[in-house]
Amino acid sequence: MTFTRRSAVKRLVLAALASAALGGAALAQEKVTISYAMWDAAQVPAMQQIIAEFNETHPNIEVKIQVTPWDDYWTKLQTSATGGSAPDVFWMTLAYFKLYASNGVLLPLDEQIASESINMADYVPAMAQAYKYDDVQYGMPKDVNAFGLFYNKDLFTAAGVPFPDATWTWQNVIDAAQKLTDPATGVYGVGAQETDELAWYLTVPQTGGYVLSDDGKSSGYDKPETVAGIQFWVDLVNKYKVSPNLQQLTDTEALALFTSGKLAMYYGGSWDPVAIADVPAAKAFTDVAPLPKGPKGGKFYSNGLAYSIYAGTKHPKEAWAFVSFLGSKRANEIQATTGTVIPAYNGQAGGYIKALSWMNAQALIDQLPEALPFPVSENTPIWRRNATAEFAKAWTGKETVEAVAARVAAQMNEAVAAE
């Protein structure tokens, strides 16, 4: 399902109407209920705490959280936006941002930000700029993603393999995984997930490859360097046989295999420790090291979320009041101290590290200088979905990475050209 493309004039009209609505009467004195959509149930406690503090100064605004799992979140949001009934406030990710912004679904925030003298320099630069479309801000930065190599200390110790550290390269991962894989016990050295953000988006930049050109006009999937960044993962499955195969990782997610002690290493994100800590045994055996480096270093693509407001909300002032608080230093402190994510607000990483004192969370923070902007265009959902579907054929060994990458690049170039 896709949005019907709106003209630039229609988008300007929507922006004008939204601005007029915000410039009207003050916040309602009667009770107003606004809906707030998100997809990660693990972050609900932090959000409930934020809402409780928000209500101390805004008692007349009731915020109702709507949690929809990621697999259904975007279908539900797109259907409700098309039908004019989207949530008042919702999480936005870069992969979908330009699609929603270009179709007039998101409320422009520049005037509100200026009216409250919010300094966007208070946020991680990449995230402050990431949610601009046609030089208009459409999202309040929420968090920034870092990645690392999570590992099972018990399995490493039992196999006599030294723990990963900042000196590790891809070859160290391969060597360690071969020693840690034990078919008799069903333990694999590493999980090679067939998913861009937790696999080749972490390695393609480390070969000098790229997914989308800097001008946003062409795919880099068919470049030899990019192919090499993807080949690393396919080899873990098919050449070295140190990872579960695609069907196994479809039946049971890599994180679940890791927390159950069946994966010695797991390439994961800064949001994963919350889920790991929910399994006491996994919390006890887990630590994390920086991403192993490739031929060209340790660069990786990093995403980060934002809070957006539905352009058609019936309560724009109340929705903005909530989003403004969500973006505040205090709300970011709450996020940090619960260890759920690394806040986009500068200087709050310390709270995240303290909350995760049971592991070396500093290793995740240390990765952030290596982060590159997430590759996105207006048609990101289309070409990203195509890439995942096609590369499955390389993961299963039915086709070579080179053959699949050439086809993915052609499909992607068509989608980008259509913008």
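Nothing here was measured: the structure is a model prediction, and the numbers come from that model.

### A closer look at the pairing of strand S2 (residues 61-67)
At step 1: Across seven bridges, the pairing between strand S1 (residues 32-38) and S2 is parallel. Looking at S2, one finds that methionine 38 is bridged to valine 67.

### Side note on the sheet that holds strand S8 (residues 147-152)
Within a beta sheet, neighbouring strands are joined by backbone hydrogen bonds and run either parallel or antiparallel to one another.
At step 1: In space, the four strands of this open sheet follow the order S9-S10-S8-S11, with mixed pairing throughout. Each of the sheet's edge strands pairs with one partner strand only, and the pair in question is strand S9 (188-190) and strand S11 (286-289). Pairwise comparison of adjacent strand axes, ignoring direction, gives a mean angle of 30° for this sheet.
At step 2: Here five bridges tie S8 to strand S10 (residues 263-269), and the two strands are oriented antiparallel to one another.

### Section: the packing of helix H9 (residues 224-238) against helix H19 (residues 401-417)
At step 1: Contact pair H9 / H19: the axes reach a minimum separation of 10 Å and the direction vectors enclose 130°. The angle between H9 and H19 places the two elements in the oblique class. With respect to the hand of their crossing, H9 and H19 are arranged in right-handed fashion. Together, Val227, Ile230, Gln231 and Val234 of H9 and Val401, Glu402 and Ala405 of H19 make up the contact between the two elements.
At step 2: Here the residues of the contact of H9 with H19 are counted per class, giving five nonpolar, one polar and one charged.

### Overview of the packing of aromatic side chains
At step 1: Overall, the coordinates contain 33 aromatic pairs when judged by the stated rule.
At step 2: Consider the rings of tryptophan 39 and tryptophan 70, whose centres lie 4.9 Å apart with planes at 80°: the pair is edge-to-face. Highlighted residues: tryptophan 39 in the loop between S1 and helix H2 (44-57) and tryptophan 70 in helix H3 (residues 70-82), separated in sequence by 31 residues.
At step 3: The class for tryptophan 70 is partly exposed, based on a relative accessible area of 35%.
At step 4: Aromatic side chains phenylalanine 54 and phenylalanine 325 sit 5.9 Å apart centroid to centroid with 45° between the ring planes, which places their arrangement in the tilted category. With phenylalanine 54 in helix H2 and phenylalanine 325 in helix H14 (residues 316-326), this pair connects stretches of sequence that are 271 residues apart.
At step 5: Phenylalanine 54 gets classed as buried once you look at its relative accessible area, which sits at 0%.

### Overview of the pairing of S11
At step 1: Burial along S11 is two-sided: the face carrying Thr286 and Val288 and the face carrying Asp287 and Ala289 are both buried.
At step 2: Where S8 and S11 come together, four bridges link them in antiparallel fashion. Note that in S11 the partner of asparagine 152 across the bridge is threonine 286.

### Structural notes on a negative patch on the surface
At step 1: A contiguous patch of negative charge on the surface is contributed by Asp110, Glu111, Asp134 and Asp135.
At step 2: Summarising the element assignment, glutamate 111 is placed in helix H5 (residues 110-115).
At step 3: The exposed category is assigned to glutamate 111, whose relative accessible area is 54%.

### What to know about the pattern of salt bridges
At step 1: Inspection of the entire model under this criterion finds nine salt bridges.
At step 2: For glutamate 197, the salt bridge goes to arginine 384, with nearest N and O atoms at 3.9 Å. Of the two residues, glutamate 197 is situated in the loop between S9 and H9 and arginine 384 in helix H18 (residues 380-395); the sequence distance between them amounts to 187 residues.
At step 3: Taking the relative accessible area as the measure of exposure, arginine 384 reaches 14% and is therefore buried.
At step 4: One salt-bridge network, in which partners are shared between bridges, spans Glu390, Lys393, Glu399 and Arg407.

### Overview of the packing of H18 against H19
Pairs of packed helices are described in terms of their axes, by the angle between the two and the distance that separates them.
At step 1: Axis separation between H18 and H19 bottoms out at 9 Å; the angle between their running directions is 165°. For the element pair H18 / H19, the angle class is roughly antiparallel. Considering how the two elements wind past one another, H18 and H19 form a crossing that is right-handed. Across the interface between the two elements, Ile382, Trp383, Asn386, Ala387, Glu390, Phe391, Lys393 and Ala394 of H18 pack against Val401, Val404, Ala405, Arg407, Val408, Gln411, Met412, Ala415 and Val416 of H19.
At step 2: Looking at the contact of H18 with H19, its residues break down into 12 nonpolar, two polar and three charged.

### Describing the nonpolar core
At step 1: One finds Tyr36, Trp200, Tyr221, Met265, Phe391 and Trp395 to be the most contacted residues of the largest nonpolar core, which totals 136 residues.
At step 2: With eight residues, the top contributor of residues to this core is H19.
At step 3: Here phenylalanine 391 is in contact with Glu194, Trp200, Tyr221, Ile230, Val401, Val404, Ala405 and Val408, once residues within four sequence places are set aside.

What counts and what doesn't
- Residues numbered from 1 in each chain as written.
- Predicted model: local features only at pLDDT ≥ 70, side-chain atom pairs only at ≥ 80, totals over all residues.
- Heavy atoms only, no water.
- Pairing = 2+ DSSP bridges.
- Helix = DSSP H or I, 4+ residues; strand = E, 2+ residues; numbered from the N terminus.
- Axes fitted to C-alpha atoms, helices over the stretch in contact; angles between N-to-C directions.
- Parallel < 35°, antiparallel > 145°, perpendicular 65-115°, else oblique.
- Left-handed = near helix turned anticlockwise from the far one by under 90°.
- Contact = heavy atoms within 4.5 Å.
- Nonpolar A, V, L, I, M, F, W, Y, C, P; charged D, E, K, R; others polar.
- Phe/Tyr/Trp six-rings, centres within 6.5 Å; stacked < 30°, edge-to-face > 60°.
- Buried < 20%, exposed > 50% of the residue type's maximum accessible area, 1.4 Å probe, protein only.
- Patch = residues over 30% accessible without salt bridge, like charges linked within 9 Å, V, L, I, M, F, W, Y side chains within 5 Å.
- Areas by Shrake-Rupley, 256 points an atom, 1.4 Å probe, with all protein chains shown as cover.
- Salt bridge = Lys/Arg side-chain N within 4 Å of Asp/Glu carboxyl O.
- Lys, Arg positive; Asp, Glu negative; His and termini not counted.
- Charge placed at Lys NZ, Arg CZ, Asp CG, Glu CD.
- Core = buried A, V, L, I, M, F, W, Y, C linked by side-chain atoms within 4.5 Å.

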